[in-house]
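# Reading the structure
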Amino acid sequence: MTEAVGDECAAHRPRSDAAARLDVDVRYAVAVRELCAFTAKTGDLDLRFTPAPTAQEGIAGHQLVVSRRPAGYAAEVGLSGAIGNLQVRGRADGVDRQRGRLEEIKTHHGDAGRIPENHRHLHLAQAETYAHLLCSADGRAELDVAVVYFEIRSQAETATERRYAAAELATRFAARCERFAAWAMQETAHRRARDDALAALAFPHPFRSGQRDLAAAVYRCARDGRHLLAQAPTGIGKTLATLFPALKALAGGLDKVYFLTAKTAARGLALAALRTLAGAEGVPLRVLELGARETLCEHPDKACHGDSCPLARGFYDRLPAARSAAVGAAGLLDRTRVAAVARAHAVCPYYLAQELIRWSDVVIGDSNHYFDTSAVLHGMTLANEWKVAVLVDEAHNLVERSRTNYSGELSRRALSAAVKAAPPAVAKPLRSLQRRWQQIDAEQSEPYRVLEAVPPAWVAALSTVVAAIAEWQAEHADGLDGALLDLYFAALHLGRLIESCGTHSIVDCTQVAAESGRPKDSVLCVRNVVPGPHLVRRYASAHSVTLFSATLAPMAYYRRMLGLPDDTRTIDVASPFAAEQLAVRVARDISTRYRDRARSLAAVTRLIEAQYRCAPGNYIAFFGSFEYLEQAADDLSARWPDLPVWRQSPRMDRAAEDDFLARFRDDGAGIGFAVLGGRFGEGIDLPGRRLVGAFIATLGMPQVNPVNEQMRRAIDALFGQGYEYAYLYPGLRKVVQAAGRVIRTTSDRGVVHLMDDRFAEPRVLRLLPTWWQVRIDRGGAIAEMA
């Protein structure tokens, strides 16, 4: 790292972990699973729904198989060996040294005869590789090798086994390693060149105010294996200030850097920053952008298997050439380039990108790619024991996103639809679940009720349904009806959440009235309140996690809600903006509480009109709902029809959103009406005259309703600040984000009107940015701007 980021980094020329393992005389390390996946996967990509065992079922199945073995049988036996400069390591599922037997254990549902041949080929390759490592370690001349398939429901074992001579195992091992060796040499050369270039990499321009402090904090945490919570204002260049130190740490021993965000636009900024960093000095950096399956799929009308999709047919046979072309291509592998490579080699672009994760230095994706329940980046990090640094932009969104990910529900309406679609063997347990549900409904007299726990009998019935669907599907190749398949996944997710349910979540049942010809419904939900306990493993799996945003105040709220470790470091970067740049006015005579909106509407629109007349330009007015937005826009247009007005509407598509933003021109003037917390409340950049002011006619707090009140009570029991955590902090975060659209550079000037008397309360004022100079007015004074 250069002198500008800190003296402790300036002299750093990494020849430690990463450099050592990449020197010509030091072995290249590869896991057995990775070696075999690279050399032994062939045939079709096949994602037909065949219910896989859950992680808990897999662990329990392995443990049961091991418990059946005689004394002296060992599980999870660490093995390693080398050939040339290639070091191969892994853990064999089971070894009986006394009997001379090694086992690779695979759990599954249904008939073992339906396991595809290419899967069996891969499993056998893994077993043979472990067997060679064991023979080499023990000096054995021969070994019995078995692939044991354990069926979860029947608990039956089906084994494929034979005795191997050590010489045959060595030959097979050498052949696999030879196929991988050229790739390993290429990877060694790439990493050496990458690390040498990153060690000499300089920051591309003079540091802005606060940028150096943030970069140094990120670097120290990535170097030391610590986590960081960083609040840094808009305008300092947070993307560059986090990626640059992470790249320096990558050269010092990390395997990968993940840059994650909740917004597509932010991923574009990260790609641009990496082009600047890598392109300026010719750094050979492999950067991969992940995309959603629906945006990458070339054949959305086809299923993901070789009998339906031509890009799935023979996928693994064509993958090596596609992989080589992708990693050999110059430039960044954004979604467009990945799709082009995939198209040239007739493979699925979505799953090509999944494969390229293994060979990328930096991966740019959505925060769900690491923090979701089945996140691909987290799963691969664990499986490959990667040492990663995770950078999470817009980290304030992680609370609500994680709540959604770790909540689950099931409705009686969906259950009824599944019963109609189910074969007889599945319909019976579905009807049993319906009867259990009737017992819950019979005890409910109010539309919303909180349960102490999901009744055990209901849980047992749900488990029976999941098992019945899995068993039926495992025995039938013709697939499931959509309603039944949807219910299976919802039930599986809900069942897992029930198993892990604690004080961090609530269990509730909501009665939904009949509407538009649809029958009355009942929804059972495990609703996450505090996502932290679910995220602990995500932090533990990463070497370093940096969560950063312009709005992480108060930090104690985010530390608690996100479950960050006690030793997490924090930094609050000072704003580069001066108070004189932004006039902040509180209209204390206006109340935007729901009961007062009709009376205060005229005052709200009068203030908007007066400010616009005083200083014409582009403004954006934020409201708490579309209904309130329409009322205000209609009133303003009726009273002052000459004022240019445009409005956000529900369910805007991308083209409509672009048209809305296009109205904010340097030479334009008018008022855009938007919903606070929506698409235009954060993540948009309108510098200079494109936006000169904002009106915020709400505190942005969630609606007071039975669900939010129960969440408030649950948080209060945990932390003692139920109102603040459930209402005040989330609301003001949206306010500050929206106000942050006005001042984007040190040359911008603007005004923000906070139109509600509650903004004048001391507890609210304390939560506003410290660089603001807030003036409290009666009647809503307007502000002149230079």
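Sequence positions are assigned chain by chain, starting from 1 and proceeding in written order. Only residues with pLDDT of 70 or above have their local features reported here, since the model is predicted, and side-chain atom pairs are shown and tallied only from 80 upward, although totals for entire chains, interfaces and linings are computed over all residues. Heavy atoms from the whole structure form the basis of all side-chain values; hydrogens and water molecules are not counted.

## Here we look at the overall build of the protein
Just so we agree on the cut-off: Secondary structure elements follow DSSP: runs of H or I of four or more residues count as helices, runs of E of two or more count as strands, with numbering from the N terminus. Here the globule rule is a power law, 2.2 Å times the number of residues to the power 0.38, and the radius of gyration is based on C-alpha atoms. Partly exposed describes any residue whose relative accessible area lies between the buried limit of under 20% and the exposed limit of over 50%, with all areas from a 1.4 Å probe on protein chains only and scaled to the type maximum. Throughout, a residue-residue contact means that at least one pair of heavy atoms, one from each residue, lies within 4.5 Å. Only four residue types enter the tally: Lys and Arg on the positive side, Asp and Glu on the negative side, with His and both chain ends excluded. Think of each charge as sitting on NZ of Lys, CZ of Arg, CG of Asp or CD of Glu.
Secondary structure assignment for the protein yields 28 helices and 24 strands. In terms of overall size, the protein behaves like a compact globule, its C-alpha atoms giving a radius of gyration of 29 Å where 786 residues would be expected to give roughly 28 Å. For the C-alpha atoms alone, the extent of the protein along its principal axes is close to 90 × 70 × 50 Å. Counting only residues that meet the buried cut, the protein has 54% of its 786 residues in that class. Here the contacts in the protein between residues at least 6 apart in sequence split such that 78% fall between residues at least 24 apart. Within the protein, one finds 97 positive and 91 negative side-chain charges whose respective centroids are separated by 1 Å.

## Describing a positive patch on the surface
What counts is decided by this rule: A patch is a set of surface residues, each over 30% in relative accessible area and not in a salt bridge, joined within 9 Å for like charges and within 5 Å for the nonpolar side chains Val, Leu, Ile, Met, Phe, Trp and Tyr. A 1.4 Å probe and the Shrake-Rupley method give the accessible areas. Residues count as covered only by the protein chains that appear here. What counts as a salt bridge is simple: a side-chain nitrogen of Lys or Arg found within 4 Å of a carboxyl oxygen of Asp or Glu.
A cluster of like positive charges, contributed by Lys-428, Arg-431, Arg-435 and Arg-436, occupies part of the molecular surface. Mapping Arg-435 onto the fold places it in helix α18 (residues 424-442). Residue classification places Arg-435 among the partly exposed positions, given a relative accessible area of 49%.

## Focus: the nonpolar core
In plain terms, the rule: The nonpolar core is taken to be a set of buried Ala, Val, Leu, Ile, Met, Phe, Trp, Tyr and Cys residues, with the residues joined through side-chain atoms within 4.5 Å.
Ranked by internal contacts, the top residues of the largest apolar core, which has 171 residues, are Phe-180, Leu-430, Trp-458, Leu-547 and Leu-754. With 10 residues, the single largest contributor to this core is helix α27 (residues 722-739). Residue contacts for Leu-430: discarding those within four places in its chain leaves Leu-415, Ala-418, Val-419, Ala-422, Val-465, Leu-484 and Leu-487. With 43 residues, the next largest nonpolar core counts Ala-230, Ala-249, Ala-251 and Ile-364 among its residues.

## A short note on the sheet that holds strand β13 (residues 448-451)
Hydrogen bonding along the main chain pairs the strands of a sheet, whether they run parallel or antiparallel. Put simply, the rule is: In this analysis, strands are considered paired if DSSP registers two or more bridges between them. In this analysis, axes come from line fits to C-alpha atoms, helices being fitted only over the stretch in contact, and the angle between any two N-to-C directions falls in the range 0 to 180 degrees.
A sheet is described by the order of its strands in space; here 4 strands give the open sequence β12-β15-β14-β13, paired in antiparallel fashion. Where the open sheet ends on each side, the last strands, each with one partner, are β12 (408-411) and β13. When the angles between neighbouring strand axes are averaged without regard to direction, this sheet yields 20 degrees. Across the sheet, helix α17 (residues 412-421) lies against β12 and β15 (521-528), angled at about 60 degrees from β12, the strand it touches most. The strands that α18 touches are β12, β13, β14 (505-512) and β15; relative to β15, the one it contacts most, it runs at about 85 degrees.

## Observations regarding the pattern of salt bridges
Evaluated as defined, the whole model comprises 51 salt bridges. One salt bridge connects Glu-103 with Arg-69, and the closest N-O pair in it is separated by 3.1 Å. Separated by 34 residues along the polypeptide, Glu-103 in strand β4 (residues 101-108) and Arg-69 in the loop between α4 (55-67) and β2 (73-83) bring together distant segments of the chain. Summarising the burial analysis for this pair, Glu-103 and Arg-69 share the class buried. The shortest N-O distance in the salt bridge between Glu-657 and Arg-679 comes to 3.1 Å. Of this pair, Glu-657 sits in helix α25 (residues 654-662) while Arg-679 sits in the loop between β21 (670-675) and β22 (693-696), and the two are 22 residues apart along the sequence. A network of salt bridges, in which partner residues are shared, links Arg-68, Arg-69, Arg-101, Glu-103, Glu-157 and Glu-161.

## Comments concerning the packing of helix α11 (residues 315-328) against helix α13 (residues 349-356)
In a pair of packed helices, the angle between the axes and the distance between the axes together describe the arrangement. Our working rule: Handedness of a crossing is defined here by the sense of rotation of the near helix relative to the far one, left-handed for an anticlockwise turn of less than a right angle and right-handed for a clockwise turn. Gly falls in the polar group here, along with every residue not listed as nonpolar (Ala, Val, Leu, Ile, Met, Phe, Trp, Tyr, Cys, Pro) or charged (Asp, Glu, Lys, Arg).
Running from amino to carboxyl end, α11 crosses α13 at an angle of 65 degrees, the nearest separation of the two axes being 10 Å. The handedness of the crossing between α11 and α13 is right-handed. Contact with α11, carried on its side by Phe-315, Leu-319, Ala-322, Arg-323, Ala-326 and Val-327, involves Tyr-351, Leu-352, Glu-355 and Leu-356 of α13 and no other residues of that element. Among the residues forming the contact of α11 with α13, the class breakdown is 8 nonpolar, no polar and 2 charged.

## Points about the environment of Lys-263
Its location among the elements puts Lys-263 in the loop between β8 (256-261) and α9 (264-281). For Lys-263, a relative accessible area of 26% puts it in the partly exposed group. Ignoring sequence-local partners within four residues, the contact set of Lys-263 consists of Glu-394 and Glu-682.

## Side note on the packing of aromatic side chains
How we decide: In this analysis, rings of Phe, Tyr and Trp, with Trp reduced to its six-membered ring, are considered paired at centre separations within 6.5 Å, and the interplanar angle assigns stacked below 30 degrees, edge-to-face beyond 60, and tilted for intermediate values.
In total, this model carries 30 aromatic pairs according to the counting rule given. Consider the rings of Phe-203 and Phe-207, whose centres lie 4.0 Å apart with planes at 10 degrees: the pair is stacked. Note on Phe-203: relative accessible area 9%, which makes it buried. A ring pair is formed by Tyr-350 and Tyr-351, whose centres lie 4.8 Å apart and whose planes are at 90 degrees; its orientation type is edge-to-face. Tyr-350 sits in the buried class, given a relative accessible area of 16%. Through a chain of ring-to-ring contacts, three or more aromatic side chains come together here, namely Tyr-28, Phe-38, Phe-180, Trp-183 and Trp-359.

## Digging into the confidence of the model for the protein
This is how the line gets drawn: Values of pLDDT, ranging from 0 to 100, describe the predictor's confidence in every residue of the model.
Per-residue confidence for the protein gives a mean pLDDT of 91; residues scoring 70 or more make up 94%. In this model residues 6-26 is a low-confidence stretch, pLDDT under 50, and it forms 43 contacts with partners more than four residues away in sequence or in other chains.

## So, helix α16 (residues 398-405)
Note the following rule: The directions from the helix axis to the C-beta atoms are what the arc is built from.
Listed in full, the buried residues belonging to α16 are Leu-398, Val-399, Ser-402, Arg-403 and Asn-405. Looking straight down α16, one finds its buried side chains confined to an arc of 160 degrees; they lie on one side.

## Regarding the side chain of Asp-96
Our working rule: The term polar contact refers here to a pair of N or O atoms within 3.5 Å; inside protein, the definition further demands a hydrogen-donor-capable atom paired with an acceptor-capable atom, and it admits residues adjacent in sequence only when both atoms are side-chain atoms.
With respect to the helices, strands and loops of the structure, Asp-96 is situated in strand β3 (residues 86-96). Within the local environment of Asp-96, its side chain forms a polar contact with the backbone nitrogen of Arg-99, the two atoms lying 3.1 Å apart. Non-local contacts of Asp-96, meaning those with residues more than four positions away in its chain, are made with Pro-70, Gly-72, Tyr-73 and Arg-101.

## A word on unusual backbone geometry
Note that the residue after Ala-553, namely Pro-554, is joined by a cis bond; omega there is -5 degrees. The phi dihedral of Ala-346 falls on the positive side, at around 55 degrees, and the residue is not glycine. Looking at the secondary structure, you find Ala-346 in the loop between α12 (335-345) and α13. Take Ala-346: its relative accessible area is 31%, and that puts it in the partly exposed class. One non-glycine residue, Arg-651, lies in the positive phi region at around 55 degrees. Here Arg-651 lies in the loop between β20 (645-647) and α25.

## Here we look at the state of the cysteines
Put simply, the test is: Note on terminology: pairs of cysteine sulfur atoms within 2.5 Å are recorded as disulfides.
Tallying each qualifying case throughout the model produces 0 disulfides. Its sulfur unpaired, Cys-509 is 9.9 Å from the next cysteine sulfur, which belongs to Cys-525. For Cys-509, a relative accessible area of 0% translates into the label buried.

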